[in-house]
Amino acid sequence: MSNLIRSSRTGWLLAVAAVAMLLLSTALVKPASAHGSVVNPASRNYGCWQRWGGDFQNPRMATEDPMCWQAWQANPNAMWNWNGLFREGVAGNHQAAIPNGQLCSGGRTESGRYNAMDAVGAWRTTPVANNFRLKFFDQASHGADYIRVYATRQGYDPLTKPLAWSDLELVGQIGNTPASQWQREVDGVSIEIPVNAPGRTGRHVIYTIWQASHFDQSYYICSDVQFGGGSTPPPTTAPPTTPPPTTVPPTTPPPSNPPPAGACSATYRVTSTWSGGFQGEVQVTAGNAAIQGWRVTWTYGNGQQVSQAWNATVSSSGNTVTATNVGYNGSLGSGASTTFGFLGSGSSTSTPTLTCTATA
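Residues numbered from 1 in each chain as written. Predicted model: local features only at pLDDT ≥ 70, side-chain atom pairs only at ≥ 80, totals over all residues. Heavy atoms only, no water.

The name given to the chain in an unreviewed UniProt entry is Cellulose-binding protein, and the organism recorded there is Micromonospora radicis.

K.L.:
Provide a residue-level description of the pattern of salt bridges, including the pertinent values.
P.N.:
The tally for this structure, following the rule as stated, stands at nine salt bridges. With a closest N to O distance of 3.0 Å, E192 and R133 form a salt bridge. On the criterion of sequence distance, the pair formed by E192 in strand 8 (residues 188-196) and R133 in strand 4 (residues 131-138) is long-range, its members being 59 residues apart. Judged by relative accessible area, E192 falls into the partly exposed class, the value being 29%. For R133, a relative accessible area of 48% gives the class partly exposed. With its nearest N and O atoms 2.7 Å apart, the salt bridge here joins D167 to K161. Taken together, the shared-partner salt bridges connect R51, D65 and R124 into one network. (Salt bridge = Lys/Arg side-chain N within 4 Å of Asp/Glu carboxyl O. Helix = DSSP H or I, 4+ residues; strand = E, 2+ residues; numbered from the N terminus. Buried < 20%, exposed > 50% of the residue type's maximum accessible area, 1.4 Å probe, protein only.)

K.L.:
With reference to specific residues and values, describe helix 4 (residues 66-74).
P.N.:
The set of residues buried in helix 4 consists of M67, C68, A71 and W72. An end-on view of helix 4 places all buried positions within 135° of arc, on one side of the element. Where the residues of helix 4 are buried, they touch helix 2 (44-52), helix 3 (61-64) and helix 5 (77-80). (Arc of directions from axis to C-beta. Contact = heavy atoms within 4.5 Å.)

K.L.:
So what's going on with the state of the cysteines? Residues and values would help.
P.N.:
One pass over the full model with this rule turns up three disulfides. Linked covalently through their sulfurs, C48 and C68 form a disulfide whose S-S length is 1.9 Å. Because the sign of the S-S torsion sets the handedness, a value of about -90° for the bond joining C48 and C68 places this disulfide among the left-handed ones. Here the residue C48 occupies a position in helix 2, and C68 occupies one in helix 4, the gap between them amounting to 20 residues. In terms of burial, C48 and C68 fall into one category: buried. (Disulfide = S-S within 2.5 Å.)

K.L.:
Please give an account of the pairing of strand 9 (residues 202-212) that cites residues and values.
P.N.:
With respect to burial, strand 9 is a largely interior element, 10 of its 11 residues being buried. As paired elements, strand 5 (residues 144-152) and strand 9 share seven bridges and run antiparallel to each other. Within strand 9, the position partnered with A144 by the bridge is A212. As paired strands, strand 9 and strand 10 (residues 217-227) are joined by 11 bridges and run antiparallel to one another. Residue pairing in the sheet places I209 in a bridge with Y220 of strand 10. (Pairing = 2+ DSSP bridges.)

K.L.:
I'd like a description of the sheet that holds strand 8, backed by residues and values.
P.N.:
Here four strands make up an open sheet; going across it, the order is 1-4-8-7 and the pairing antiparallel. Edge strands, defined here as strands with exactly one partner in the open sheet, are strand 1 (36-40) and strand 7 (183-185). Taken over all neighbouring pairs, the strand axes of this sheet differ in orientation by 35° on average, direction set aside. When strand 1 meets strand 4, the two strands line up antiparallel, connected through four bridges. Directly across from N40, in strand 4, lies its bridge partner K135. (Axes fitted to C-alpha atoms, helices over the stretch in contact; angles between N-to-C directions.)

K.L.:
An account of the nonpolar core is needed here, citing residue identities and associated values.
P.N.:
One finds M117, L163 and Y207 to be the most contacted residues of the largest nonpolar core, which totals 31 residues. Residue assignment for this core shows that the elements contributing at least two residues are helix 2, helix 4, helix 5, strand 5, strand 9 and strand 10. In terms of residue count, the dominant contributor to this core is helix 4 (four residues). (Core = buried A, V, L, I, M, F, W, Y, C linked by side-chain atoms within 4.5 Å.)

K.L.:
Describe the packing of aromatic side chains, naming the residues involved and giving the relevant values.
P.N.:
The relation between two aromatic rings is expressed through the spacing of the ring centres and the mutual angle of the planes. Within the structure shown, the criterion is met by 21 aromatic pairs. Where Y46 meets W82, the ring centres are 4.6 Å apart and the plane angle is 65°; that geometry is what we call edge-to-face. Within this pair, whereas Y46 is found in helix 2, its partner W82 is found in the loop between helix 5 and strand 2 (86-88), the two being separated by 36 residues in sequence. Of the two residues examined, Y46 and W82, each falls in the buried class. Grouping aromatic residues by their ring pairs yields a cluster made of Y268, F278, W294, W298, Y300, F340 and F342. Between the NZ or CZ atom of R148 and the centre of the ring of Y146, over which it lies, the distance is 3.9 Å. (Phe/Tyr/Trp six-rings, centres within 6.5 Å; stacked < 30°, edge-to-face > 60°. Lys NZ or Arg CZ within 6 Å of the ring centre and 35° of its normal.)

K.L.:
For the side chain of Q211, give the residues involved together with the corresponding values.
P.N.:
Considering the arrangement of structural elements, one finds Q211 in strand 9. By relative accessible area, which is 5% here, Q211 ends up buried. Here S218 takes part through its side chain, which lies 2.6 Å from a polar atom of the side chain of Q211. Excluding residues within four positions of it along the chain, Q211 makes contact with H94, G143, A144, D145, Y146, D216, Q217 and S218. (Polar contact = N/O pair within 3.5 Å; in protein donor to acceptor, adjacent residues only side chain to side chain.)

Shown next, in the form of structure tokens:
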């Protein structure tokens, strides 16, 4: 009898312990993060990951991309986790939660992982027009309660001044938008937000707040742009890589001769140069019908080589370069555009002829 009592008591204690462990484990479970960021114009940490993720120990980064260099040295996880810059429980009171000077790190969120995003200096820029479409990628397909896009006011100098709330002006936003209304991508969903930022020229910061829909999780994202030009001031005379002023600029597809339905076109331009190298950008535009993918090829005539690329998968065979879309920017609606960038070695004085092939 005593053995039976002891066995019953042991079984009861084990059952109680199992229930307690179940309750404890349930309490410790944290909902999955939404994970997303601005991919065009690229956020600071996403751009650093795109350009250097496959070669992040290359000492060339220190001179070619010094702001990314300092970020990689500070915490490589800020780039590997480019889609995780968020805070929880802000309840919409963003200015109270994020101090001035810490906007790009989300108030030094995630135990300071993203602190280097607040560094003041010459971050690599994306050239944009005063009216453009910002592309946000949501890897977990949660959608948004809202997305708000701000631009720094004319006169703000991102090379010398830490970003403050007073420097920002709201230039675009969307309200509650479920993921079912976003563009389906291979690895998630994306959405484009129209941005209208008139009266701005030169270097600026675009600041995006994404309020994810699944629970109170707010993302804070800095992207660096150049209104009206590339990442360095334009020269006094137009270089050979600049289209003649009588043609439509590369930021819009030529309306007089649009690509046929199911096709695409591509424009090439150099955005900055240095001794022995240059940075370039290609804009891909769909024709009169939506496309599901694209491929751009060109051949250099003076021995130039592409060494790094972002927003596209780029390979070279001799002097011929082939760029194909990545998962989130292959699907383009009729007349829609996307861009990819690259670093090249050699002279930038010649403009190659581009061929764009689309997958309908």
